[in-house]
Protein chains: 2
Amino acid sequence: MTGTSSSSKEQARSPSADGSSAKPAPATGLEGVVVAQTSISTIDGSAGKLSYRGYDIHDLAEHSTFEETAFLLWEGRLPDRGELEAVRRELREQRALPPEAVALLESAPRQSNPMAVLRTITSAIALTDPDADDNAQPALRRKAVRLTAQLGPIVAGFHRHRQGAARLEPREHLDYAGNFLYLLNGREPTPEEARIFDVCLILHADHGFNASTFSARVTVATLSDIYSGVTSALGTLKGSLHGGANEAVMKMLLELQGSGESPEDAIRRRLERKEKISGFGHRVYKTEDPRATHLRRFSEELGSQRGDGTLFEMSRRIEAFMRAEKDIYSNVDFYSASTYYQLGIPTDLFTPIFAMSRVAGWTAHVMEQLANNRLIRPRSEYVGERNLRYVSLEQR
Amino acid sequence: MTGTSSSSKEQARSPSADGSSAKPAPATGLEGVVVAQTSISTIDGSAGKLSYRGYDIHDLAEHSTFEETAFLLWEGRLPDRGELEAVRRELREQRALPPEAVALLESAPRQSNPMAVLRTITSAIALTDPDADDNAQPALRRKAVRLTAQLGPIVAGFHRHRQGAARLEPREHLDYAGNFLYLLNGREPTPEEARIFDVCLILHADHGFNASTFSARVTVATLSDIYSGVTSALGTLKGSLHGGANEAVMKMLLELQGSGESPEDAIRRRLERKEKISGFGHRVYKTEDPRATHLRRFSEELGSQRGDGTLFEMSRRIEAFMRAEKDIYSNVDFYSASTYYQLGIPTDLFTPIFAMSRVAGWTAHVMEQLANNRLIRPRSEYVGERNLRYVSLEQR
């Protein structure tokens, strides 16, 4: 849901139909427009605060787990011991993919865009889910668990498939985060790696009415179903202005590392060429993105553990330079790039793993939307031709 | 994009966090909110006027074809003879489904929701389209043709599959509308049937920022791709407040026909029970929906041709009753129900055929959005708990 350093300057400019340029363009991009009420998450952009259901993201990052956070997002409160056990068990039980999904995954061309694969298989799972079109609360809750449990295994399964490696079965003793890293890499993560990835999933699980969450709500507000909502969200997250930003950051870091140029010089040249520097600035935060605080620390820790602080060091210098030159803060995408990379996650899976976290929020928003629904149907300002006379083909 | 007789009364009502009920709810559903400029179609709700690219829908219904209308939506002007020939040829060439899509279609469970099948296969086609992630104008235009050409054959192909009937190959001499009816029913339509269906496709091809079109724009505004946009639109159209309305009308008509009760009595009883009467009222039109004018005529004509005017007669009486009792007009969905039914289209395919028309508009909107893009990311009003203290599991 992040923009880029230059996105805040974009403006829709179309000529008005009558040729007058005096008419102001309407609010575009719905920036600052309140579309609905929510009690799921709230962002205080000027204070740099994010909370889920009233709990500060820093507390959740320190004390919670992804499973507990998902329960919190869905139910609006922290689970007691029995409820936490239950949601962990449900997520474990649901993570085996249905055979149709496995078949589809293994028939996907290896060079496919992983987000297009994830979008397709998520949509396909609906065809074999007897709950698919049941919008009553108990069925929605079951599907929220199912979708959350399955997105990770789909991502890991496709990665194994495209590498020609055997698909792995989940390991019972591993939780959601650790299991994903195992399914992806074929080795169990260290407890430190698993915990860092678990917190990454907590940090990305919800973020107000970002574009993908909003698209899920627009979709289900016609009284469509949760699979349609999550499929829309996946397609929306796929875009480079949303999920793609940390991939762009990683590409830049690797380019810089290869070039030998100093990070400061390289960024200065990019800025002079008016290029976007991904991973900086945000439409909502006007100070440090609170998620960046944790990801910076993880990037540093993973560098230490691997005995190679190069990526972190380079990131730190770019951040300091952007702060000094442009007075702009790093966002969630900047340090998630080097964190994920050091966890062994391929760059083109950064957006899919964003999805496997955000699906907890998407499904919470779908349930909230359907609990108090209203069709989302805006207006547009027509600026095209008017009152044209249809002329026959012969006269054109 | 239609609401129902009671939808205009819906209001989002959530308690505010502090328990006060004095705080007004924010604009919900974006009703009346202008989100962007467009030059594709415009609706004058009080005059009951709809035009595509400046051409009145009545002129297009009388003189144009679906192929020509699609060109108009995409290019912003009517084609000359060579251009019309070209777009007709392109649509014919692209309508054969790729083998992967056929395989997926034939592996779908027969009881699948046809819109879920259409959503899944549309998403899957991206995996084998080398153009899939190319957002440059020539590639977008090729994909607009491809998506428009293939949606109909997917719908017909799934219907044949679920009936256990052999899939049919397109017939070269049939245009888009006629070919679809042939692929679906296994017999070539009469010229009158083909022309009526062709006009139905023209009438449904675009309609401002309806919910599905809006969701396609939200999706691609992250710089995602046209397949993601159309997949979102399909999932959004699937909901009963959008694409589902004419299916609900048909169900009601068949129920009434079976019951023997007079239409007036039956509707009165439903209104007394506060039930929605689908096919009436519209968030935008405050007078007759101009599309209804044509569909009423088609419903009548098809009844005459079949020598059975029962459905039309019943529809006419319901319309008169609703007008007299509730001062409310029929919308596009009301007469499309009996029209499609009399064309031999199964009720649960009404929404998929809506999609195979509206895809021309969706793809035009995707191109317009990407030509002058701005991320669509609104705000929400947070009404949940604040500043909760995280307590450990032991203390809960």
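Residues numbered from 1 in each chain as written. Chains lettered and ligands numbered in written order. Predicted model: local features only at pLDDT ≥ 70, side-chain atom pairs only at ≥ 80, totals over all residues. Heavy atoms only, no water.

### Some details on the interface of chain B and chain A
Often the size quoted for an interface is simply the accessible area lost on bringing the parts together. Rule in force here: Note on contacts: a residue pair qualifies if any of its non-hydrogen atoms lie within 4.5 Å across the two residues. Here the quantity called buried area is the total loss of accessible area, with a 1.4 Å probe, experienced by two parts when brought into contact, counted for both. Any carboxyl oxygen of Asp or Glu that lies within 4 Å of a side-chain nitrogen of Lys or Arg is treated as forming a salt bridge with it.
Tallying the contact residues gives 103 residues for chain B and 104 residues for chain A. Buried surface at the junction of chain B and chain A, summed over both partners, amounts to about 9200 Å²; 55% is from carbon and sulfur atoms. If you sort the residues of chain B by the area they bury against chain A, Arg374, Arg377 and Tyr390 of chain B come out on top, with a joint share of 10%. At the junction of chain B and chain A, the tally comes to 10 salt bridges. Asp133 of chain B is the salt-bridge partner of Lys238 of chain A, the closest N and O atoms lying 2.6 Å from each other.

### Examining unusual backbone geometry
Residue and element names in this part refer to chain A. For clarity, the threshold we go by: Secondary structure elements are taken from DSSP: a helix is a run of H or I of four residues or more, a strand is a run of E of two residues or more, and numbering for both begins at the N terminus. Summary of the burial criterion: residues with accessible area below 20% of their type's maximum are buried, those above 50% are exposed, and those between are partly exposed, where the area comes from a 1.4 Å probe applied to protein chains only.
One non-glycine residue with positive phi stands out, namely Lys274, at about 60°. You can see Lys274 is positioned in the loop between helix 12 (263-272) and helix 13 (290-306). Given the relative accessible area of 75%, Lys274 is considered exposed. Even without glycine at this site, Asp327 takes up a positive phi of about 50°. Asp327 gets classed as exposed once you look at its relative accessible area, which sits at 56%.

### Concerning the sheet that holds strand 4 (residues 55-56) of chain A
All names here are of chain A. Where we set the bar: At least two bridges found by DSSP between two strands are what make those strands a pair.
Taking strand neighbours across the sheet as the criterion, the three strands line up as 2-3-4 in an open arrangement whose pairing is antiparallel. Among the strands making up the open sheet, the edge pair consists of strand 2 (41-44) and strand 4. Relative to strand 4, strand 3 (residues 49-52) runs antiparallel, the two being bridged by two bridges. Looking at strand 4, one finds that Tyr52 is bridged to Tyr55.

### Describing the domain arrangement of chain A
Residue and element names in this part refer to chain A. The condition that has to hold: Residue ranges for the domains originate in an automatic or database domain assignment.
Parsing chain A into structural domains produces domain 1 (49-240 + 361-371) and domain 2 (245-342). Summarising the inter-unit geometry, the C-alpha centres of domain 1 and domain 2 are found 27 Å apart. Each side of the interface is counted separately: domain 1 has 15 residues, and domain 2 has 16 residues. Buried surface at the junction of domain 1 and domain 2, both sides included, amounts to about 1300 Å², of which 69% is carbon and sulfur. Run the count over domain 1 and domain 2 and you get zero salt bridges.

### Observations regarding the pattern of salt bridges
Pairing is possible between side chains of opposite charge, provided their charged atoms come close. Residues and elements named next belong to chain A. Under the counting rule described, the total for this entry stands at 65 salt bridges over all chains. Asp265 serves as the salt-bridge partner of Arg268, at 3.4 Å between the closest nitrogen and oxygen. Taken as a pair, Arg268 and Asp265 lie in helix 12 at a separation of three residues, close to a single helical turn.

### Comments concerning the sheet that holds strand 2 (residues 41-44) of chain B
Sheet architecture is open: three strands sit in the order 2-3-4 (chain B), paired in antiparallel fashion. Two strands close off the open sheet at either side, each with one partner strand: strand 2 and strand 4 (55-56) of chain B.

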